[in-house]
Amino acid sequence: MATICAPMPTPEQAGNDHDAPAISVVDLHKSFADQKVLDGISLSVCRGQTLAVLGRSGTGKSVLLRIVIGLQKPDSGAVRIHGQDIAGLDIDRLGAVRMKMGFSFQHSALYDSLTVEQNVMFSLQHHRKDMSKSMQRDRVRELLAEVGMEGHLEKMPSEISGGMQKRVGLARALALKPDILLLDEPTAGLDPIGSAEIDDLILKLQTEHRMASIVVTHDLHSAKTIAGRLALIDKGSVVVEGTFAELQNSDIEFVRQFLGQS
Amino acid sequence: MSERDLNAAREMGAHPGQLAQSMSSALRASLRPIDTFLEWFGDLGMFSWQVVRAAVTPPFEFREMFRQLDEIGSMSLPLVAAAGAAIGAVLSLEARYSLTRFGAKSMLPAAIVYSVIHETGPIITGLIVSGRVGAGIGAELASMKVTEQIDAIEASAVNPYKLLAVTRILACILMLPLLTLAADFCGVLVGWITQTLAEPLSLQQFINSAFKGANLNDFLPPTFKTAVFGLIIGLISCFQGMRTQGGAAGVGRAATSSVVLSSLFVILADVVLVKFILIFFP
């Protein structure tokens, strides 16, 4: 899939390879034992775009996201981040690529022995040694204020609700100012009000930071709210990709069924 | 599948293809334990390679390293010291009885000190640390693995082998000889106290008698061999923890297998190292 991304107008992006998509997934295959999970998926996302990957539970959406950040290896196919193929990179070189990426886990995956503040500060402590302790602390406070968690710095992850954990996970993903954001089921397990709050937060962050984002979800309402493009996956392949209106006009039975039942 | 089973299957009218398939699956089932065993060693080898690479590549995780030195060293000290003291008392009581029977009571201080420092102190320290630290590391890393915290570390562009494994393994390697010295000290001290309670003997006399004719080769190799025990405990516990699968049950299995496997390998390594020490440090 060859996608040409529009040149970015802002001066700070000068020097980037604007023609290459920020994320490019080409003919990805992945199986676990005899079970085929991804069967030739190709997707691409440019800077400033959000792609929602939809599908029924167990269709390999999270596996796709984990392959994009290199937590799992595909059986075949390529993942390119800003044009660089991440296959075959060792853990240290992959680390350099991952510094441009933020990942928010489905179950937040906060470090349970660290406070909320320490969780968000983790990446800064490891990668921004040029920042003083107080600068790091200021940056953490700024991020936590951005996600509405500024009053919970000293709390442990076990002391805050699931929705709050998602917010902290988002703040942690944004700590290194990534230009790619990967969100795995950001609204799963939340009540409708909590889901709407997270959706608004993601929209706000995307507007402010202009990242390339992939949001994996099975929540159609959330996908419609936060993503400009949607890709519907079934049996390891992309059934249809386009705007929500294009999906609504699709005459593919599975698409109609999914939209009708969601 | 035995010959009798094959004949029975033929009599029941089974197709030759079905028979071949049954034989093949029976063969596969019987080879599975060997397969699992070899796979475990292969995975351990790859894990060790990642750990070695992470250990020699900067940046180094000094802060986590000091935390682990405290966690593994200071926190194990009371238990190791108590075990060393108990061993000293038991050895003193047992050796006194045996040596008196054979008319070699004057050898009692040397028997206690040599037994404690040569073998009992190091192996008891190794086994106690396998239990306390092995279970702790195995359960902690397994819990982090099943809750995706290790993935989160990796997604944050931090090498989990460097942050979690190298720090713990190095802390085990550095702390085991020091803990062994503590166990030895307590063992000898309590051995003397037990001895002097039965038959008064000054500490000076006890030490002079115990260390007469001894040299550094008698004490340094047995103490430093515990660094190998530390390597085994750290490596196996981190490996078992970081490869865990399957929720709370997986965490339990990782903790148990960390203790069992590290204790087993400590004992096996001890056999090899004792022979090695006897050859190279006679």
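Here, every reference points to the structure presented above.
One structure accompanies this document, and this report is about it. Keep in mind the model is a prediction, meaning the values are calculated, not measured.

Parameters at a glance
- Residues numbered from 1 in each chain as written.
- Chains lettered and ligands numbered in written order.
- Predicted model: local features only at pLDDT ≥ 70, side-chain atom pairs only at ≥ 80, totals over all residues.
- Helix = DSSP H or I, 4+ residues; strand = E, 2+ residues; numbered from the N terminus.
- Rg over C-alpha atoms; globule rule 2.2 N^0.38 Å.
- Buried ≥ 20, exposed ≤ 12 C-beta atoms within 10 Å, placed from the backbone.
- Contact = placed C-beta atoms within 7 Å.
- Pairing = 2+ DSSP bridges.
- Axes fitted to C-alpha atoms, helices over the stretch in contact; angles between N-to-C directions.
- Nonpolar A, V, L, I, M, F, W, Y, C, P; charged D, E, K, R; others polar.
- Core = buried A, V, L, I, M, F, W, Y, C linked by C-beta atoms within 7 Å.
- Domains from an automatic or database assignment.

Looking at the overall build of chain A
Alright, step 1. Within chain A, the regular secondary structure consists of nine helices and ten strands.
Alright, step 2. Against the globule reference of 18 Å for 262 residues, chain A gives a C-alpha radius of gyration of 18 Å, in line with a compact fold.
Alright, step 3. With the C-alpha coordinates of chain A rotated into their principal frame, the extents come out at 55 × 40 × 40 Å.
Alright, step 4. When burial is assessed residue by residue, chain A has 44% of its 262 residues classed as buried.
Alright, step 5. Across chain A, every contact between residues at least 6 apart in sequence was considered, and the portion connecting residues at least 24 apart equals 65%.

A word on the sheet that holds strand E4 (residues 76-81) of chain A
All names here are of chain A.
Alright, step 1. Strand order in the open sheet formed by four strands is E2-E1-E4-E5, with antiparallel pairing between adjacent strands. Each edge of the open sheet carries a strand with a single partner, namely strand E2 (35-45) and strand E5 (84-85).
Alright, step 2. Bridging between E4 and E5 involves two bridges; their strand directions are antiparallel. Residue pairing in the sheet places Ile81 in a bridge with Gln84 of E5.
Alright, step 3. Together, strand E1 (23-32), E2 and E4 form the strand contacts of helix H1 (residues 61-68), whose direction differs from that of E1 by roughly 120°.

A word on the pairing of E4 of chain A
Residues and elements named next belong to chain A.
Alright, step 1. Judged from the five bridges that link them, E1 and E4 form a sheet pairing that is antiparallel. Bridging across to E4, Ser24 finds its partner in Arg80.
Alright, step 2. Where E4 folds back on E5, the antiparallel hairpin that results is connected by two residues, among which His82 adopts a positive phi of roughly 50°.

Re the sheet that holds strand E10 (residues 237-242) of chain A
Residues and elements named next belong to chain A.
Alright, step 1. An order of E6-E7-E8-E3-E9-E10 is seen for the six strands of this open sheet, with the pairing classed as mixed. Here the strands that pair on one side only, and so sit at the sheet edges, are strand E6 (101-104) and E10. Strand-to-strand twist of the sheet, defined as the mean angle between neighbouring strand axes without regard to direction, takes the value 15°.
Alright, step 2. Pairing geometry for strand E3 (residues 50-55) and strand E9 (residues 229-234), over five bridges, is parallel. For Ala52, the partnering residue across the bridge sits in E9 and is Leu230.
Alright, step 3. In the packing of helix H5 (residues 162-173) onto the sheet, the strands contacted are E6 and strand E7 (180-184), and the crossing angle to E6 comes to about 170°.

Some remarks on the interface of chain B and chain A
Accessible area lost on assembly of the parts is the figure often given for the size of an interface.
Alright, step 1. Contacts between the two partners involve twelve residues from chain B, matched on the other side by 17 residues from chain A.
Alright, step 2. Here the residues of the side of chain B that touches chain A are counted per class, giving four nonpolar, five polar and three charged.

Regarding the nonpolar core
Alright, step 1. Grouped together as the largest cluster of nonpolar side chains are 134 residues, with contacts concentrated most on Val68, Leu182 and Ile214 of chain A.
Alright, step 2. Top contributing element to this core by residue count: helix H7 (residues 160-198) of chain B, with 18 residues.
Alright, step 3. Domain assignment of the residues forming this core places at least three in each of domain 1 (17-100 + 178-261) and domain 2 (109-171) of chain A.
Alright, step 4. Excluding its chain neighbours within four sequence positions, the residues that come into contact with Ile214 of chain A are Ile23, Val45, Leu51, Val53, Leu65, Val68 and Leu182 of chain A.

Quick notes on unusual backbone geometry
Alright, step 1. Between Pro58 of chain B and Pro59 of chain B the backbone carries a cis peptide bond, its omega angle lying at 0°.
Alright, step 2. Phi angles above zero are rare outside glycine, and Asp27 of chain A is one such case at about 50°.
Alright, step 3. The topology assignment puts Asp27 of chain A in strand E1.

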